[in-house]
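Listed below are the residues making up each chain.
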Amino acid sequence: MELSKIEYILEKYFQGETSIAEEKELKEYFSSSDVAQHLEQYKPMFGYFSQVKEQKSTQEIPLQTKKRNVAWLSIAASAVVLLGIGTYFYVSDKNATQQVAVQSELGTYDNPEEALAATQKALALLSNNVNVGIGSVQYINEYEQSKNRIFKQ
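Parameters at a glance
Residues numbered from 1 in each chain as written. Predicted model: local features only at pLDDT ≥ 70, side-chain atom pairs only at ≥ 80, totals over all residues. Heavy atoms only, no water. Axes fitted to C-alpha atoms, helices over the stretch in contact; angles between N-to-C directions. Helix = DSSP H or I, 4+ residues; strand = E, 2+ residues; numbered from the N terminus. Parallel < 35°, antiparallel > 145°, perpendicular 65-115°, else oblique. Left-handed = near helix turned anticlockwise from the far one by under 90°. Contact = heavy atoms within 4.5 Å. Nonpolar A, V, L, I, M, F, W, Y, C, P; charged D, E, K, R; others polar. Phe/Tyr/Trp six-rings, centres within 6.5 Å; stacked < 30°, edge-to-face > 60°. Salt bridge = Lys/Arg side-chain N within 4 Å of Asp/Glu carboxyl O. Buried < 20%, exposed > 50% of the residue type's maximum accessible area, 1.4 Å probe, protein only.

**Q** What is the right way to read the packing of helix α1 (residues 3–14) against helix α2 (residues 20–31) from this model?
**A** The relative placement of two packed helices comes down to the angle between their axes together with the axis-to-axis distance. The contact between α1 and α2 brings their axes to 10 Å, and the two run at 120 degrees. One element, α1, and the other, α2, form an angle in the oblique class. The interaxial crossing formed by α1 with α2 has left-handed handedness. Contacts from Leu3, Lys5, Ile6, Ile9, Leu10, Lys12 and Tyr13 of α1 reach α2 at Glu22, Glu23, Glu25, Leu26, Tyr29 and Phe30. Its residues assigned to classes, the contact of α1 with α2 comprises eight nonpolar, no polar and five charged.

**Q** Mind showing me how you'd approach the packing of aromatic side chains here?
**A** The geometry of an aromatic ring pair comes down to the distance between the two centres and the angle between the two planes. Within the structure shown, the criterion is met by three aromatic pairs. Taking the centre distance of 5.3 Å and the plane angle of 50 degrees together, the rings of phenylalanine 14 and tyrosine 42 count as tilted. Here phenylalanine 14 is found in helix α1, whereas its partner tyrosine 42 is found in the loop between α2 and α3 (43–54), with 28 residues between them in sequence. Here tyrosine 88 and phenylalanine 89 contribute two aromatic rings whose centre-to-centre distance is 5.5 Å and whose plane-to-plane angle is 65 degrees, an arrangement assigned as edge-to-face. Here a set of aromatic residues connected by ring pairs shows up, and it is made of Tyr13, Phe14 and Tyr42.

**Q** Looking at this model, I keep getting lost on the pattern of salt bridges. Mind explaining?
**A** Opposite charge on two side chains lets them pair, provided their charged atoms get close. Inspection of the entire model under this criterion finds three salt bridges. Here glutamate 22 and lysine 12 are joined by a salt bridge, their closest N and O atoms 2.9 Å apart. Here glutamate 22 is found in helix α2, whereas its partner lysine 12 is found in helix α1, with ten residues between them in sequence. Its relative accessible area of 16% is what places glutamate 22 among the buried residues. The partner of glutamate 144 in a salt bridge is lysine 147, and the shortest N-O contact between them spans 3.8 Å. With glutamate 144 and lysine 147 both in helix α5 (residues 112–151) and three residues apart, the pair spans about one turn of that helix.

Limitation: the analysis is restricted to geometry and does not speak to function.
Here you go:
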């Protein structure tokens, strides 16, 4: 084999660009007895690769697989879902009973005179609050008029 070809393939090998056939040529070259003097340093490396390839490992490697107990996980998830649904219905039922109690207390009068008095009381309260709001709006109108006099638009 030509020495220049071996050197070229060796450069490609160290750059990671060789094919399997070229690597086989290198192994054959370095396993032969006529290796060039300046390439002797690579002979143990290729000899090691071929030697290790022939070795077989007899040691058993224990494989420990973690088994996840899916049954317990699914039971726990189901319990959480059921607890959430139960809590939702309990809270919504409690709110519904409170709303029924509030509705039974409001807005029903057996005597029409009591109903009229309650309505007049509610309208008077509303009127007072609206009057307070109108008074505040009057202050804003006065402010607007003063501002327009000063800045004359």
